[in-house]
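For reference, the chains in residue letters:
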Amino acid sequence: MRQIVKPDGMLPICRSTFYQMVNRGLISEGIRLGARTRVWRASEIANLINGLESKAGGDV
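What counts, and where the lines are drawn
- Residues numbered from 1 in each chain as written.
- Predicted model: local features only at pLDDT ≥ 70, side-chain atom pairs only at ≥ 80, totals over all residues.
- Heavy atoms only, no water.
- Buried < 20%, exposed > 50% of the residue type's maximum accessible area, 1.4 Å probe, protein only.
- Helix = DSSP H or I, 4+ residues; strand = E, 2+ residues; numbered from the N terminus.
- Arc of directions from axis to C-beta.
- Contact = heavy atoms within 4.5 Å.
- Phe/Tyr/Trp six-rings, centres within 6.5 Å; stacked < 30°, edge-to-face > 60°.

Explain helix α1 (residues 15-23) here, please?
Side chains of residues three or four places apart in an α-helix project in the same direction, reflecting 3.6 residues per turn. Every buried residue of α1 is listed here: F18, M21 and V22. Buried residues in α1, looked at end-on, bunch into an arc of 105°, giving them a common side. Buried residues along α1 sit against α2 (42-56). Phi for G25, located one or two positions after α1, is positive at around 85°.

Would you explain the packing of aromatic side chains in this entry?
Working definition: an aromatic ring pair is given by the centre-to-centre distance plus the angle between the planes. For the structure on display, the rule yields three aromatic pairs. A ring pair is formed by F18 and Y19, whose centres lie 5.9 Å apart and whose planes are at 70°; its orientation type is edge-to-face. F18 gets classed as buried once you look at its relative accessible area, which sits at 0%. For Y19, a relative accessible area of 33% puts it in the partly exposed group. Between F18 and W40, the ring centres sit 5.0 Å apart and the planes meet at 90°, which makes this aromatic pair edge-to-face. Within this pair, whereas F18 is found in helix α1, its partner W40 is found in the loop between β2 (37-39) and α2, the two being separated by 22 residues in sequence. Residue classification places W40 among the buried positions, given a relative accessible area of 10%.

In structure tokens, the structure reads:
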């Protein structure tokens, strides 16, 4: 998660906003590695970013 959302991640959003995106189906629930560990493929995050850029007209 630290590599995905701010302050060090690729997306300038908070963790709760990311999980809202998961709940809305914009991104999968990720892959569960343990009881409190979930990961997402880098390609899936890149596709999310590209989709958001397309909606915003490239201004993201």
